[in-house]
Amino acid sequence: ISRRVRQVSLRSKVALALVTMYIAWGTTYLAIAYVIQTMPDLMSMGVRFLAAGAIQYLLVSLVSGAAQFRVTPRQLRNSVLLGIFMLAAGIGAVSTAEHVVPVGVVALIVSSMPLWTALLRISDGDRPSRMTLIGIGARFAGLVIVMQPNSTIPREGANGIHMTLLMLVLIAGNIMWSVGSFLTPRIDKPGPPLVLTTYEMLAAGVALIVVGMCRGQRLSDLTHGSATSWAA
């Protein structure tokens with residue numbers, strides 16, 4: 001009986017984790033679309049990650065102590081690299097693309113991340129099952145269909161060529177995220193997951209703000225954001 005209870009408990013936790021991920025991750029693209037209506041894309045995403053990283057640092061420090069964040073130089077470097085690969089490149093590409101590419105299409109393209117991760121695993125010697133290969137082929141075919149010229153209507157004021165270019169930027173960011181996911185279990189990094197993600201978010205925040213400034217965006221531009229953008 002106790003074993004069955006543990007299995008049910010584990011399944012409940014997995015189900016709760018998946019529902020949380022679907023809602024938190026799935027609504028991200030819609031929220032970003034509202035943010036960039038009145039705020040600069042990269043700058044707003046950078047501030048978002050800095051704020052999230054700072055809040056998480058405070059919460060972890062209060063619960064477990066600030067000593068959790070004492071890591072080796074190599075672990076810190078790898079955390080920064082993962083933050084730049086996954087969050088800065090991935091979300092930076094999304095926030096840039098959503099000026100032109102419809103939110104639903106962005107979500108479809110980003111959902112191809114398992115495709116790139118699977119290909120990276122195959123290149124590392126993994127031998128996927130036949131069903132996995134069929135899934136990879138189907139996902140790649142779907143991505144090709146979405147990327148076809150004139151298959152998607154761009155946002156108002158944009159043309160098809162501009163949208164296709166931003167779709168490619170989105171795919172590049174998606175591949176960067178997949179590379180980061182692939183490297184995460186293979187490199188030396190902080191043990192506690194919340195410590196790792198804190199450093200990742202802080203690094204991504206700094207990177208996005210720096211790139212945003214290079215593109216002419218300013219922190220002061222955020223003060224002109226609407227209440228809807230701030231809420232998003």
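Read on for a plain summary of the structure. (Residues numbered from 1 in each chain as written. Predicted model: local features only at pLDDT ≥ 70, side-chain atom pairs only at ≥ 80, totals over all residues. Heavy atoms only, no water.)

## Here's the deal with the overall build of the protein
So, step 1. Looking only at helices and strands, one finds 10 helices and 0 strands in the protein.
So, step 2. In sequence order, the protein lays out its α and β elements as α-α-α-α-α-α-α-α-α-α.
So, step 3. Over its C-alpha trace the protein gives a radius of gyration of 19 Å, about what one expects of a compact globule, namely 17 Å for 232 residues.
So, step 4. The principal-axis extents of the C-alpha atoms in the protein amount to approximately 60 × 50 × 35 Å.
So, step 5. A total of 232 residues make up the protein; the buried ones form 37% of that total.
So, step 6. If the 18 positive side-chain charges of the protein are averaged to one point and the 8 negative ones to another, these points end up 14 Å apart. (Helix = DSSP H or I, 4+ residues; strand = E, 2+ residues; numbered from the N terminus. Rg over C-alpha atoms; globule rule 2.2 N^0.38 Å. Buried < 20%, exposed > 50% of the residue type's maximum accessible area, 1.4 Å probe, protein only. Lys, Arg positive; Asp, Glu negative; His and termini not counted. Charge placed at Lys NZ, Arg CZ, Asp CG, Glu CD.)

## Things to note about the packing of helix H2 (residues 28-35) against helix H5 (residues 103-110)
So, step 1. Contact geometry of H2 with H5 gives a least axis separation of 9 Å together with a crossing angle of 135°. Of the possible angle classes, the one that applies to H2 and H5 is oblique. The two elements H2 and H5 cross, and the hand of that crossing is right-handed. Facing H2, whose interface residues are Tyr29, Leu30 and Ala33, H5 presents Val103, Val106, Ala107 and Val110.
So, step 2. Looking at the contact of H2 with H5 residue by residue, the class counts come to 7 nonpolar, no polar and no charged. (Axes fitted to C-alpha atoms, helices over the stretch in contact; angles between N-to-C directions. Parallel < 35°, antiparallel > 145°, perpendicular 65-115°, else oblique. Left-handed = near helix turned anticlockwise from the far one by under 90°. Contact = heavy atoms within 4.5 Å. Nonpolar A, V, L, I, M, F, W, Y, C, P; charged D, E, K, R; others polar.)

## Regarding the environment of Trp177
So, step 1. Mapped onto the fold, Trp177 is located in helix H8 (residues 160-183).
So, step 2. Here the alpha-carbon distance between Trp177 and Ile91, two residues 86 residues apart in the chain, equals 9.0 Å.
So, step 3. Non-local contacts of Trp177, meaning those with residues more than four positions away in its chain, are made with Trp25, Phe85, Met86, Leu87, Gly90, Ile91 and Met113.

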